[in-house]
Amino acid sequence: MEYAIREYERSDREALMECMEKLQDYIAGVDPLKRVLLKPGFGEVYTAWLLNLITEGNGIIYVAERGGKIVGCVASTISVPAPHEVFGGASTYGRVHELYVDSDCRGEGIGKALMEMSVNYFRRNDCDVALVEVFKPN
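All figures in this text were calculated on a predicted structure; none of them were measured in a lab.

Chemist: How would you summarise the nonpolar core if you had to cite specific residues and measurements?
Modeler: By size, the foremost hydrophobic cluster in this structure holds 17 residues, and its most contacted members are Y8, L16, C19, M20, I61, V63 and C73. Every element with two or more residues in this core is listed here: α1 (13–30), α2 (42–56), β2 (60–66) and β3 (69–79). Membership of the second largest hydrophobic core comes to 14 residues, among which are C105, L114, Y121 and F122.

Given below as C-alpha cells:
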C-alpha cells in the first residue's frame, strides 16, 4: 500500500503523541532491565518537549501517512557543537531524536524514507555529521 512523507502540521499533534507513546511502549517492552516505563501522561509531556526542541533547535518533523492516517514519523534538529563536543571538525551537525513506524507497516521502507528526508534536511542546512542514537536492545 502506498504512503506519503510530508512535513508535520499542527493538526498532526494527537497522531504524533500516539506515535511517541507507541515508541515508548515498544522500548519499555524490549528493555531487559525494565528501567524504561510508559508513565501516565507521557505522550502529552514528551510531545510538548519534542515540539519545543524542534522549534528551538532549527528542527523538523516528517510524518508518513497512509490512507489519511499517520503511520510513522522522524524528528530531527540541527546544532552547532558546544566547545566540549568533538565531531572531527564538524561545524554543524544534524541529530535524529526519534524515528517511529507502526508495527504493521514495518519492512515496507517507510523508516528508510523518513531517514532519507532527515538526511536531505541536514544536507540543505550544511551539516557535516548526522547523529543517531539507538537503544541497544532495539
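Chemist: Any details on unusual backbone geometry? Residues and values, ideally.
Modeler: The phi torsion at N58 lies on the positive side, around 50°, for a residue other than glycine. In this fold, N58 is placed in the loop between α2 and β2. With a relative accessible area of 42%, N58 lands in the partly exposed category. In this model, D126 sits at a positive phi of 60°, which is unusual for a non-glycine residue. Relative to the helices and strands, D126 resides in the loop between α3 (110–124) and β5 (129–132).

Chemist: Please provide a residue-by-residue account of the sheet that holds strand β4 (residues 93–101), values included.
Modeler: Here we have five strands laid out as an open sheet, ordered β1-β2-β3-β4-β5, and mixed in their pairing. Of all strands in the sheet, those bounded by a partner on one side alone are β1 (4–7) and β5. Here the average twist between neighbouring strands, direction ignored, is 25°. Sheet topology note: the β3/β4 ladder contains eight bridges and is antiparallel. Bridge assignment links V74 to a residue of β4, and that residue is L99. The strands touched by α3 are β1, β2, β3, β4 and β5; relative to β4, the strand with the most contacts, the crossing angle is about 160°.

About the criteria used
- Residues numbered from 1 in each chain as written.
- Predicted model: local features only at pLDDT ≥ 70, side-chain atom pairs only at ≥ 80, totals over all residues.
- Heavy atoms only, no water.
- Core = buried A, V, L, I, M, F, W, Y, C linked by side-chain atoms within 4.5 Å.
- Buried < 20%, exposed > 50% of the residue type's maximum accessible area, 1.4 Å probe, protein only.
- Helix = DSSP H or I, 4+ residues; strand = E, 2+ residues; numbered from the N terminus.
- Pairing = 2+ DSSP bridges.
- Axes fitted to C-alpha atoms, helices over the stretch in contact; angles between N-to-C directions.
- Contact = heavy atoms within 4.5 Å.

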